[in-house]
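Descriptive analysis of the structure
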Amino acid sequence: MKQQNQWLLLMSTSIVSFMSTIDASIVNIAVPKMSRDLHVPNNQAEWIVSVYLVSICVLLIFFGRLSDQIGRVRIFQTGTLIFVTGSLFCGLSLNLPMILGARLLQALGASMTMATNFGIITDIFPPHRHGIALGVNSSFVQVGNIAGPGIGGLILTWLNWHYIFYINVPIGIIAYLLGHHFFPRTPRATRKIQVDVPRFSTYAGAVISFFVMIFWGQMIGFGDWRILSLLVVTIGLFAAFFVIEQRVAAPLINLKIFHNLGFTFGILSAMLVYACGYFNNVIMPFYLQDRLLLSSAIAGLILMAVPLLNIFSAPTGGYIADHIGAEKVSFYALFIFLIPEVIFLLIQPSWSIWWLIIGLALFGTANGAFQNNPMIMGNASPEFQGIAGSIAALGRNFGMTIGLSLATSLLYFGISRQAGRRVTTYPDAHPDWFVAGMHFAYRFALGMIILAIILLAVVLYRRAAKEKRVM
């Protein structure tokens, strides 16, 4: 393939990656307005965020497996059209059931593109350029993950929440047409498509049970017998799924891929980093608008410090990764993360706003330099590239969903500790309680970054030891 066409296709896949990822986070800042317009309470409006993330987690592995049978490009292009259609219906929605149905359609399309984009990129680029290509795609994905509140705040300053979804339509159509023109034509699959419904149903049931337990537990308390019952069901379904996977000839997830420590720890460290990113998505809009009393436009501009720095650091990190390895670049980037996390867990409203901007800028720099996609895909052997891309996207969405849950739970637990009673909403009469809750939550975010550092340190140590033995 001509090099020019390679980069055009990279832009096409990356634009779709950006849209499908940003739609997981951009709704957060619009939830209060959507709640009022749709005449539903805030906790029900939050379903608009969670149903999208959970549905993607359920469907990713299915489409990763299916793409290996009928072709990644075909799945990706179909998913792009479905995502655009879902976005249009989200914008046209007038009530909660309608927008939840449209979000499910969006999630169906997003999962199809997320399951295949990494594999497509590694197919169209030569191995020595995988780092820079995946680094560029990673910058779009990471910007999509962290830019949602900032871009959403700017849109809501001049337009209503419907335009958060409408903007996907023309961009998605352009991305589809680019791919339709430049993607290589592949013959249609002639062999029978195999879909193991019982195994997929077991996996889907386990994922849904897990997230229902997490989100329901936030409302009624994790010590409730119903949550403990769901925990037992979740563990049982996951155990059954893994036992079945080890005994079949064509597993939905070939567990041998996890024998590679670099791949497994790469997935886990990426999950931790994406979870930390969601702490900013959930907490910072409240801190800027409710505690510092800034407008949504100013808050959006401040939050844009993260994606702006990310745009430059991600391809730079990918370029360096092609020379020294993605694990080393990611390991060094994790130490940069420590600075903003410390700022966020110490900051006070009396501090200059520049401390917050510096923290967000450093977070964006570290987030871009963290080369999760090249690290994960580089540790997967050629026969696992399709499913590796699906697992990488699954890890990202698990991290985002867990980050959403953890950030909310820890924030309100910290506020409740300060208040001496259970608090589940912003404490308007006691804004300092919110700051105490924010600091409490960011202690855990700092701990997750330290854990990610330990994981990658083990990978690098084992690799160095192996190379020493070979020499």
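Because the structure is predicted, anything quoted here is derived from the model rather than measured.

Side note on the overall build of the chain
- When helices and strands are tallied, the chain shows 20 helices and zero strands.
- Against the compact-globule benchmark of 23 Å for 471 residues, the chain has a radius of gyration of 21 Å, which places it among compact chains.
- In terms of overall dimensions, the chain has C-alpha extents of about 65 × 55 × 50 Å along its principal axes.
- Within the chain, the fraction of its 471 residues that count as buried is 57%.
- Sequence-distant contacts, at least 24 apart, represent 83% of the contacts inside the chain between residues at least 6 apart.

Overview of a nonpolar patch on the surface
- Judged by side-chain polarity, Leu 88, Phe 89, Leu 92, Leu 94 and Met 98 come together as a nonpolar surface patch covering roughly 460 Å² of accessible area.
- With three residues, the top contributor of residues to the nonpolar patch is helix α5 (residues 72-92).
- Mapping Leu 94 onto the fold places it in the loop between α5 and α6 (96-114).

Structural notes on the packing of helix α4 (residues 47-70) against α5
- At a minimum axis distance of 9 Å, the contact between α4 and α5 shows a crossing angle of 150°. Considering only the axes of α4 and α5, their crossing is right-handed. Taking contact as the criterion, the partners of Tyr 52, Phe 63, Leu 66, Ser 67, Asp 68 and Ile 70 in α4 are, on α5, Arg 72, Arg 74, Ile 75 and Phe 83.
- Taken together, the residues of the contact of α4 with α5 break down into six nonpolar, one polar and three charged.

Quick notes on the side chain of Ser 14
- Within the secondary structure, Ser 14 sits in helix α1 (residues 3-25).
- Judged by its relative accessible area of 0%, Ser 14 is buried.
- Beyond its immediate chain neighbours, meaning those up to four positions away, Ser 14 contacts Asn 137 and Phe 140.

Regarding the pattern of salt bridges
- If you walk through the whole model with that rule in mind, you get two salt bridges.
- Linking Arg 291 and Asp 432 is a salt bridge whose minimum nitrogen-to-oxygen distance equals 3.2 Å. A residue pair is termed long-range when its members are at least 10 positions apart, and Arg 291 in helix α13 (residues 261-291) and Asp 432 in helix α20 (residues 431-470) qualify at 141 residues.
- Owing to a relative accessible area of 19%, Arg 291 belongs among the buried residues under this scheme.

Notes on the packing of α4 against helix α11 (residues 197-220)
- Running from N to C, α4 and α11 cross one another at 155°; their axes reach a closest spacing of 10 Å. The angle between α4 and α11 falls in the class roughly antiparallel. Seen along the crossing, α4 lies across α11 with a hand that is right-handed. Contacts between α4 and α11 involve Ser 50, Val 54, Cys 57, Val 58, Leu 59, Ile 61 and Phe 62 on the former and, on the latter, Phe 200, Tyr 203, Ala 204, Val 207, Ile 208, Phe 211 and Phe 215.

What about the environment of Arg 422?
- Inspection of the secondary structure puts Arg 422 in the loop between α19 (385-419) and α20.
- A residue is classified by how much of its surface remains accessible, and Arg 422, at 53% relative accessible area, is exposed.
- Taking the C-alpha atoms as reference points, Arg 422 and Tyr 412, 10 residues apart in sequence, are found 8.1 Å from one another.
- Those residues within four positions of Arg 422 in sequence are excluded, and the remaining contacts are Gln 218, Met 219, Ile 220, Gly 221 and Ser 416.

Section: the confidence of the model for the chain
- Counting all residues, the mean pLDDT for the chain is 83, and 92% of those residues have values of 70 or more.
- For the chain, per-element mean pLDDT is lowest for helix α3 (residues 42-45), which scores 69, and highest for helix α16 (residues 326-346), which scores 93.

Some words on the packing of aromatic side chains
- A full pass over the atoms with the stated rule returns 21 aromatic pairs.
- The rings of Phe 62, Phe 63, Phe 200, Tyr 203, Phe 238, Phe 241 and Phe 242 are connected pair by pair, giving a single aromatic cluster.
- Across the ring face of Tyr 52, the terminal group of Arg 103 is positioned such that the distance to the ring centre comes to 4.3 Å.

Comments concerning the side chain of Ser 87
- Examined against the element boundaries, Ser 87 turns out to sit in helix α5.
- Setting aside residues no more than four positions away along its own chain, Ser 87 makes contact with Gln 106, Phe 165, Asn 168 and Val 169.

A look at the state of the cysteines
- On inspection of all chains with the given rule, the structure shows zero disulfides.
- Cysteine Cys 57 remains unbridged, with the sulfur of Cys 276 as its closest cysteine sulfur at 17 Å.
- Overall, Cys 57 belongs to the buried group, its relative accessible area being 0%.

A closer look at unusual backbone geometry
- The phi torsion at Leu 293 lies on the positive side, around 60°, for a residue other than glycine.
- Tracing the backbone through its elements, the reader meets Leu 293 in the loop between α13 and α14 (296-303).

Observations concerning the environment of Ile 151
- With respect to the secondary-structure elements, Ile 151 resides in helix α8 (residues 130-158).
- In the structure, Ile 151 is positioned 299 residues away from Ile 450 in sequence and 29 Å away in space, judged by C-alpha atoms.

Cut-offs used in this document
Residues numbered from 1 in each chain as written. Predicted model: local features only at pLDDT ≥ 70, side-chain atom pairs only at ≥ 80, totals over all residues. Heavy atoms only, no water. Helix = DSSP H or I, 4+ residues; strand = E, 2+ residues; numbered from the N terminus. Rg over C-alpha atoms; globule rule 2.2 N^0.38 Å. Buried < 20%, exposed > 50% of the residue type's maximum accessible area, 1.4 Å probe, protein only. Contact = heavy atoms within 4.5 Å. Patch = residues over 30% accessible without salt bridge, like charges linked within 9 Å, V, L, I, M, F, W, Y side chains within 5 Å. Areas by Shrake-Rupley, 256 points an atom, 1.4 Å probe, with all protein chains shown as cover. Salt bridge = Lys/Arg side-chain N within 4 Å of Asp/Glu carboxyl O. Axes fitted to C-alpha atoms, helices over the stretch in contact; angles between N-to-C directions. Left-handed = near helix turned anticlockwise from the far one by under 90°. Nonpolar A, V, L, I, M, F, W, Y, C, P; charged D, E, K, R; others polar. Parallel < 35°, antiparallel > 145°, perpendicular 65-115°, else oblique. pLDDT = per-residue confidence, 0-100. Phe/Tyr/Trp six-rings, centres within 6.5 Å; stacked < 30°, edge-to-face > 60°. Lys NZ or Arg CZ within 6 Å of the ring centre and 35° of its normal. Disulfide = S-S within 2.5 Å.

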